[in-house]
Amino acid sequence: MCGIVGYIGNRDSQGILLEGLKKLEYRGYDSAGIAVFTSNGLEIKKSKGRLAVLEDKLKDDPLEGSVGIGHTRWATHGKPSDVNSHPHTDNSSKFSVVHNGIVENYLDLKDELIAKGHVFVSETDTEVISHLVADEYDGNIVEAVQRAVKRMRGAFALGVLTEYEPERLVAVRFASPLVIGVGEGENFIGSDIPAILEHTRNVYILNDGEMAVLTRGGVELMTTDGENISKEIFHVDWDLVTAEKAGFDHFMLKEIHEQPKAYRDTMLGRIADDGKSVNLKELNMSDEYIRSIRKVHIVACGTAYHAGLVGKSVIESLARIPVENDVASEYRYRSPIITPDTLVIVVSQSGETADTLAALREAQKNGARVLAITNVVGSSVAREANDVITTWAGPEIAVASTKAYTSQLIAFYLFGLHLARVLGSQEQSAVEELIEGLHALPEQVESILEQAPVLKQVAESMAHHKSLFFIGRGVDYAVAQEGSLKLKEISYIHSEAYAAGELKHGTLALIEEGVPVISLVTQEALYEKTLSNIKEVKARGAHVLAIANSGFETEVAKSVDEIFAIPKTLPILSPALAVVPLQLLSYYASLALGHDVDKPRNLAKSVTVE
Ligand code: M6R
C-alpha cells in the first residue's frame, strides 16, 4: 500500500510529482522518491523518511525534466530504507518503476533473473519488476510491460519509464487502484483522484488488467493482453478544498467536526419528506429479493468492522434477519456458509482494502449478492458490488477513521429502515420515531463537539497511563471496541475493550489502583447490569469515566469518578453519539503525548495488501 504518481507534459515535473505525493502520503509515508528524465538521462532521487526529507534533498539539487514518476511508500517487502525506496531500476539504469501492491511470486522471478545475471540491490518485490521489464525489452516498452505483467502474480499498480523511449509513460492496474488524468498537452497518473485533481478534472479509472500509454499528446488505453479499449472520461466535480484542513490543526479534528454534515449528507434524499419512510432508490435489489434474504454477513476491517458490529444490531432489530460479522482477512479462510439467500455486506471507507475486496469476490463466487457501504465513488469495492450505499462523508484523510465510521452507522440505520419498509417488520410509529431520532443526530453531535475542552482535560490526565480499558454491553460494547482502536492507533497507549460482563472472567486481574476504565452506559435496558460491572472495577481501584445517555446520568454519576453525558436518543442510535467523545479523547491524548495525529506510526490510510 503505497501511492504512485506520474507526469508527462511540458512543465517541470518535479513540483507536480511532489505535490501529488503530498496528497498520497496517507497511503504510506516511510520513504519517497521520484524518477525524472533529465538532460543526463533517467535520474532517480529517493530517501527513507517523510516526503519532506526528499524535498530537502531536491531543494539544492533538483531533477529538471518534464516527464517523471513518483512514489510514497508503506513498507511490505524490506524495511524502510533509502535502497528499498521507489522508484526502482535495473542494472542498466535505463528502466524505472513505481509500484503499489505486492508481487507474490517475486522470489521465483528473482531467482530466474539472478540466474540470467541480474544483480539486485534491494529487498523489495518491486525491484524484480524493473529487472523483469528490462529483461523482456526488445525495443517496445509497452510490449515489454505486457509480457512482464503476464508473469507476475499478486496486486500491482505500476508506472514505468525507460530511457529508450522518453516520450512514453506506461501505467498498469491489477488489483491496486490507479487513475489516469487527461490534460491538455500533458497527462498524469495517480493512485487516486486528489493526487492529480489540481491539474485536471478529467480522468479514466482503470479496471484490473487494463493499462494506459501516456504521451504528451494523448492517452492510449488497452488491456494487458494488448487489446485496445475505449472508456468514458469521468468528470470530477468535487472540490480539492474539501480535502484540505480548513483551519483545523489536524485532518482528524477537522473530520471529527465534519460529522454533523456527513450525517446530513448521508441521509439526504433517502428519507421521504414526510419523515415516514426510507427508500434507498440507488439499490438494484428488488423487494422480492429482499424478502428472500435469510441471513446477512457483514465483512470489513478495522473501524469499518466496528461499524458492522453496530450494523448487526440494527439489521437484527429492525428487520429480524440473523447477521454474522466477520473480519475480512479471516472470512475467505473459514469457508463461510454462503447460500443464494445470504446477503453479504462489505463496509469500506476507501473501497480499496485488499482483504475486504477479496471477501467481496469470495462471496460473489459463492453466489451471494454483495452490498457495499463505501465512501469512495468509483472505488474497486463500489464497482464490483451488486449494490452500493455511498456514505457521503467526503474525503477522509486522517489515518484514524472518524466521519467515515459514523456515516457507515447512518448507512446501516437507513438500510435497516429500508428493509423494514419492504418486510413490514416494524410498526409505523417505531419507524417514524427512529427517523425523527436520525434527524436530531447532527445537532446532537454539534452539542457534544462544543464540550471538547472538557474532554481535552480528561484526555490529558489519561494520557500518562500505560494501559486502560473500555467496557460496555450490547451496542455499547461495539462502540467500546471502536474507542479502544482509536486510542491505540494514534496515542500508542495500550487499551482493551471488553463486554462489561466478561471482565470478571479473567481480565479483571489487570485492574489495579488508578487504572482508567471508560465505561459506556447508554442502554437503558442494560444500565443497571453495567453499573454492577463498574462497581467491580471500582472496588479494585479503577478510575472510571462513564459516557452515559442523558436521562440516567445522575444515577450513573453516583458510581463513577467522572461522567460525560451525551444527548438523549433512542438506544439503537446511541453509537452515533457515544463514539464522538471517544474520538475526541483519543485525539487529545495523542496531542498531549506529542504524536503525529494524522499519520500514526506503522499505519497507512488505505491497506491494499492482504
Ligand atoms: O478503507 P477501509 O474502511 O476498508 O479501511 C479499513 C481499516 O483499515 C480502517 O478502518 C482502519 O482500521 C482505520 N485506520 C481505523 O481508524
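Residues numbered from 1 in each chain as written. Predicted model: local features only at pLDDT ≥ 70, side-chain atom pairs only at ≥ 80, totals over all residues. Heavy atoms only, no water.

Student: I'd like to hear about the overall build of the protein chain, residue by residue, with values.
Tutor: A count of helical and extended segments in the protein chain gives 19 helices and 24 strands. Relative to the 2.2 N^0.38 estimate, which gives 25 Å for 610 residues, the radius of gyration of the protein chain is 25 Å and therefore close to what a compact globule would have. Dimensions of the protein chain, computed from the C-alpha atoms along their principal axes, are close to 75 × 55 × 45 Å. Across the 610 residues in the protein chain, those meeting the buried criterion constitute 60%. A fraction of 72% describes how many contacts in the protein chain between residues 6 or more apart in sequence connect residues 24 or more apart. Carbon and sulfur atoms form 49% of the exposed surface of the protein chain, whose accessible area is close to 22,800 Å². Between the centroid of the 59 positive side chains of the protein chain and the centroid of its 84 negative side chains there is a distance of 3 Å. (Helix = DSSP H or I, 4+ residues; strand = E, 2+ residues; numbered from the N terminus. Rg over C-alpha atoms; globule rule 2.2 N^0.38 Å. Buried < 20%, exposed > 50% of the residue type's maximum accessible area, 1.4 Å probe, protein only. Contact = heavy atoms within 4.5 Å. Areas by Shrake-Rupley, 256 points an atom, 1.4 Å probe, with all protein chains shown as cover. Lys, Arg positive; Asp, Glu negative; His and termini not counted. Charge placed at Lys NZ, Arg CZ, Asp CG, Glu CD.)

Student: Quick one: what's the story with the packing of aromatic side chains, residue by residue and with numbers?
Tutor: Evaluation of the coordinates by the stated rule reveals seven aromatic pairs. With centroids separated by 5.2 Å and ring planes inclined at 70°, the aromatic side chains of Phe-95 and Tyr-137 adopt a geometry described as edge-to-face. Pair noted here: Phe-95 is in strand E6 (residues 95-103) and Tyr-137 is in the loop between helix H4 (126-136) and helix H5 (141-151), with a separation of 42 residues, a long-range link. There is no split in this pair, since Phe-95 and Tyr-137 are both buried. (Phe/Tyr/Trp six-rings, centres within 6.5 Å; stacked < 30°, edge-to-face > 60°.)

Student: Now, about the environment of Leu-508: what can you tell me, with residues and values included?
Tutor: Residue position: Leu-508 is located in the loop between strand E21 (494-499) and strand E22 (516-521). On the basis of relative accessible area, Leu-508 is assigned to the buried category, the value being 14%. As for Leu-508 and Val-537, which are separated by 29 residues in sequence, their C-alpha atoms are 7.2 Å apart. Residues contacting Leu-508, with those up to four places away along its chain left out, are Leu-503, Glu-536, Val-537 and Arg-540.

Student: With reference to specific residues and values, describe the packing of helix H13 (residues 403-423) against helix H14 (residues 428-449).
Tutor: Close contact between H13 and H14 brings their axes to 11 Å; oriented N to C, the two are set at 160°. The angle between H13 and H14 places the two elements in the roughly antiparallel class. Taken as a pair, H13 and H14 cross one another with a handedness that is left-handed. Facing H13, whose interface residues are Ile-410, Tyr-413, Leu-414 and Leu-417, H14 presents Val-431, Leu-434, Ile-435, Leu-438 and Leu-441. Grouping the amino acids of the contact of H13 with H14 by side-chain chemistry returns nine nonpolar, no polar and no charged. (Axes fitted to C-alpha atoms, helices over the stretch in contact; angles between N-to-C directions. Parallel < 35°, antiparallel > 145°, perpendicular 65-115°, else oblique. Left-handed = near helix turned anticlockwise from the far one by under 90°. Nonpolar A, V, L, I, M, F, W, Y, C, P; charged D, E, K, R; others polar.)

Student: Go over the nonpolar core, please, and point to the residues and values.
Tutor: With 92 residues, the main nonpolar core has Ile-315, Ile-345, Tyr-413, Phe-415 and Leu-438 as its most contacted residues. Built from parts of two domains, this core gets at least three residues from each of domain 2 (245-449) and domain 3 (452-592). Residues within four places of Ile-345 in sequence aside, it is in contact with Val-296, His-297, Ile-298, Val-299, Ile-315, Leu-371, Ile-373, Phe-412 and Phe-415. The next biggest cluster of nonpolar side chains, apart from the first, holds 28 residues, and it includes Leu-109, Val-149, Met-152 and Val-213. (Core = buried A, V, L, I, M, F, W, Y, C linked by side-chain atoms within 4.5 Å. Domains from an automatic or database assignment.)

Student: Would you mind going over the sheet that holds strand E12 (residues 210-214) in detail, with residue names and values included?
Tutor: In spatial order, the strands read E5-E6-E7-E8-E12-E13; together these six strands make up an open sheet with antiparallel pairing. Looking along the sheet, the strands with just one partner apiece sit at the ends: strand E5 (88-89) and strand E13 (219-223). Relative to E12, strand E8 (residues 169-174) runs antiparallel, the two being bridged by five bridges. For Val-170, the partnering residue across the bridge sits in E12 and is Val-213. (Pairing = 2+ DSSP bridges.)

Student: Tell me about the side chain of Ser-122, residues and numbers included.
Tutor: Looking at where Ser-122 falls in the secondary structure, it is placed in the loop between helix H3 (106-115) and H4. Judged by its relative accessible area of 7%, Ser-122 is buried. Reaching out from Ser-122, the side chain makes a polar contact with the side chain of Thr-124 at a distance of 2.8 Å. Engagement of the side chain of Ser-122 in a polar contact is seen with the side chain of Glu-127, the distance being 2.7 Å. Setting aside its immediate chain neighbours within four residues, Ser-122 contacts Val-83, Asn-84, His-88, Lys-110 and Glu-127. (Polar contact = N/O pair within 3.5 Å; in protein donor to acceptor, adjacent residues only side chain to side chain.)

Student: Outline a nonpolar patch on the surface, supporting the account with residue identities and numerical values.
Tutor: A surface patch of nonpolar side chains, about 270 Å² in accessible area, is lined by Phe-234, Val-377 and Trp-392. Examined against the element boundaries, Val-377 turns out to sit in the loop between strand E18 (369-374) and helix H12 (380-384). Classification of Val-377 as partly exposed rests on a relative accessible area of 45%. (Patch = residues over 30% accessible without salt bridge, like charges linked within 9 Å, V, L, I, M, F, W, Y side chains within 5 Å. Salt bridge = Lys/Arg side-chain N within 4 Å of Asp/Glu carboxyl O.)

Student: An account of the packing of helix H7 (residues 259-267) against H13 is requested, with residue identities and associated values reported.
Tutor: The contact between H7 and H13 brings their axes to 9 Å, and the two run at 30°. Viewed along their axes, H7 and H13 adopt a mutual orientation that is roughly parallel. Seen along the crossing, H7 lies across H13 with a hand that is right-handed. Across the interface between the two elements, Gln-259, Ala-262, Tyr-263, Thr-266 and Met-267 from H7 touch Lys-403, Thr-406, Ser-407, Ile-410, Ala-411 and Leu-414 from H13. Considering only residue class, the contact of H7 with H13 consists of six nonpolar, four polar and one charged.

Student: Please provide a residue-by-residue account of the site of the ligand, values included.
Tutor: Neighbouring residues of the ligand: 13 residues in total, closest Ser-348, Gln-349, Ser-350, Thr-353 and Glu-489. Within the contact set of the ligand, an oxygen atom lies 3.1 Å away from a backbone nitrogen or oxygen of Thr-303. The fraction of the free accessible surface of the ligand (420 Å²) that becomes covered by protein chains is 91%. Listed by contribution, the elements that provide at least two residues to the shell around the ligand are helix H9 (302-319) and helix H16 (475-491). The element contributing the most residues to the shell around the ligand is H9, with three residues. (Near = heavy atom within 4 Å.)

Student: Summarise the side chain of Lys-403; cite the residues concerned and give the values.
Tutor: In this structure, Lys-403 sits in helix H13. The buried category is assigned to Lys-403, whose relative accessible area is 2%. A distance of 3.0 Å separates a polar side-chain atom of Lys-403 from the backbone oxygen of Pro-395. Among residues more than four places away in sequence, those in contact with Lys-403 are Glu-255, Glu-258, Gln-259, Ala-262, Ala-393, Gly-394, Pro-395 and Glu-396.

Student: Tell me what's going on with the sheet that holds strand E24 (residues 562-566), and back it up with residues and numbers.
Tutor: A sheet is described by the order of its strands in space; here five strands give the open sequence E21-E20-E22-E23-E24, paired in parallel fashion. Sheet topology places E21 and E24 at the edges, where each strand pairs with a single neighbour. Neighbouring strand axes in the sheet, compared pairwise and without regard to direction, differ in orientation by 15° on average. As paired strands, strand E23 (residues 543-549) and E24 are joined by five bridges and run parallel to one another.

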